[in-house]
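Geometric and topological summary
The residues making up each chain are set out below.
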Amino acid sequence: MSKKAVESAQAAPHNTAAGTPADAGDAGYSKDLKARHVNMIAIGGAIGTGLLLGAGGRLHNAGPALALAYLVCGVFAFFVVRALGELVLYRPSSGSFVSYAREFLGEKGAYVAGWMYFLNWSTTGIADITAIALYTHYWSMFTSIPQWVLALIALAVVLAVNLISVKIFGEMEFWFAIIKVATIVGFMLISIFLLATQHKVGGHTPGLSVITDNGGVFPHGVMPVVLVMQGVIFAYAALELVGVAAGETAEPEKVVPRAVNSIMWRVGLFYVGSVVLLAVLLPGSVYTADQSPFVTVLSKIGVPAAGDVMNLVVLTAAMSSLNSGLYSTGRILRSMAMAGSAPKFTARMNRSQVPYGGILLTCAVCVLGVGLNYLVPSQAFEIVLNVASLGIISTWVIIMLCHMLFVRRARAGLVARPHFQLKFSPVTEIATIVFLLVCLGMMWNDPEVGRKTLLLIPVLAVMLVAGWFAVRRRVSQNAEQELSRMSTGPQ
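What comes next concerns the included structure.

The rules behind each value
Residues numbered from 1 in each chain as written. Predicted model: local features only at pLDDT ≥ 70, side-chain atom pairs only at ≥ 80, totals over all residues. Heavy atoms only, no water. Salt bridge = Lys/Arg side-chain N within 4 Å of Asp/Glu carboxyl O. Helix = DSSP H or I, 4+ residues; strand = E, 2+ residues; numbered from the N terminus. Core = buried A, V, L, I, M, F, W, Y, C linked by side-chain atoms within 4.5 Å. Buried < 20%, exposed > 50% of the residue type's maximum accessible area, 1.4 Å probe, protein only. Contact = heavy atoms within 4.5 Å.

A closer look at the pattern of salt bridges
- Applying the stated criterion to the full structure yields six salt bridges.
- A salt bridge links Arg 102 to Glu 107; its shortest N-O distance comes to 3.3 Å.
- Glu 248 is the salt-bridge partner of Arg 331, the closest N and O atoms lying 2.7 Å from each other. Highlighted residues: Arg 331 in helix α15 (residues 306-339) and Glu 248 in the loop between α12 (241-245) and α13 (252-281), separated in sequence by 83 residues.

As structure tokens, then:
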């Protein structure tokens with residue numbers, strides 16, 4: 001849509017609620033997500049395998065200062081979600097940041113935002129279904145079942161849940177989040193008890209002495225902490241789901257601020273608090289990348305079946321991630337399809353008001369991923385996770401760019417900012433964008449996978465440019481039809 005058309009469309013953005021939605025991709029959705037669903041989707045996005053599994057290797061490399069890395073990355077992640085929250089209150093949309101990119105960056109911006117987000121979740125989905133199969137093989141009763149069969153079963157189950165209705169998705173995500181929160185809280189209570197009673201853990205007496213006697217807060221220096229941030233920032237991926245989910249809740253103006261504001265203290269409690277407790281229980285050198293740090297601690301104090309319990313929780317986290325990926329890409333692709341920048345079939349909805357076309361497209365990529373993991377299982381997992389990182393960083397950068405332009409228009413009197421705001425614009429947005437790009441650049445220090453992933457950027461750029469030339473005529477036609485609809489719509 002042209003700049004002039006966009007500006008004319010913004011004269012009364014909130015007045016479209018009673019008639020036709022400001023974004024054509026928002027028409028037809030139910031409003032079945034409750035406040036508790038959105039709140040737990042926010043929590044579920046903040047707690048995943050990055051903490052439950054990945055913190056072990058990072059503690060080993062960075063030591064207790066990992067808590068500082070989680071805090072710093074958490075602050076910037078909060079800025080992103082706060083910016084998105086303000087945009088949601090300005091105009092709730094299931095197209096979320098793609099819809100805002102269309103408004104503030106134009107159709108090209110929406111096109112890049114949408115396909116990079118699809119790249120993120122489709123590759124993450126490949127990693128998720130592979131992880132689910134691997135975690136299931138942990139139990140002997142499933143070892144005889146081929147990995148690809150377990151992966152397809154997991155994909156089929158989550159696909160069915162997403163296609164039934166958004167309410168079922170919300171319930172599934174609610175209980176997934178409950179399991180993860182209960183696990184973290186339970187571990188923290190056990191850790192506090194061990195700390196208070198000075199009960200030995202693997203021969204070490206819990207307390208600050210565990211840190212001071214093993215090299216201090218920075219046992220390997222500052223650089224390992226800086227380098228680990230490029231992995232830590234990806235642990236917060238999926239926080240932006242709050243913006244997508246807001247398009248299917250009846251009262252976004254009440255639900256979203258509460259969910260966004262709660263993210264900060266949850267990050268502090270679950271991520272930073274957990275890492276601090278892990279650091280005062282055992283030296284960082286004891287933790288390993290191939291075992292959950294929670295299992296490491298619990299096994300040291302002789303808790304029976306600690307591995308079984310944590311394996312179930314990590315399995316739940318992978319299912320939750322896959323569930324969220326199918327949900328969000330379905331909505332994002334529909335918003336793009338209505339604008340002409342995604343295949344037409346991704347705009348289709350079923351009787352339950354679920355955009356099944358986009359969900360099935362994401363599933364198709366995941367199925368291809370099963371074959372990829374069959375051919376190169378050891379390399380494929382790391383490759384897809386690093387490619388996903390390109391998608392999430394570009395998404396967050398686009399969110400901050402949209403917010404910066406939104407504030408600029410508000411100061412020019414073209415739009416009105418809601419009461420729920422990201423402070424200190426544009427300094428906050430610029431600082432966040434710089435931080436994210438630095439995290440991306442630090443992937444160069446990993447010659448095995450990270451460096452190869454960065455070399456994919458020119459390839460992705462060429463693919464995006466070629467794709468744009470393929471769809472630009474349809475996008476232009478859809479924009480003209482949208483402008484005509486808005487000018488002749490109900491006054």
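Remarks on the nonpolar core
- Of all hydrophobic cores here, the largest spans 154 residues; its most connected members are Tyr 70, Trp 115, Tyr 236 and Trp 396.
- The element contributing the most residues to this core is helix α5 (residues 66-90), with 16 residues.
- Look past the residues within four positions of Trp 115 in its chain and what remains in contact with it is Leu 333, Met 336, Ser 341, Ala 342, Pro 343, Leu 361 and Leu 464.

Some words on the side chain of Thr 453
- As for its position among the elements, Thr 453 is in helix α19 (residues 450-454).
- Look at Thr 453 and you get buried, because its relative accessible area is 3%.
- Setting aside residues no more than four positions away along its own chain, Thr 453 makes contact with Asn 386, Val 387, Leu 390 and Met 443.

Looking at the environment of Gly 56
- Position of Gly 56 among the secondary structure elements: in helix α4 (residues 55-62).
- In sequence terms Gly 56 and Ser 285 are 229 residues apart; their C-alpha atoms lie 9.5 Å from each other.

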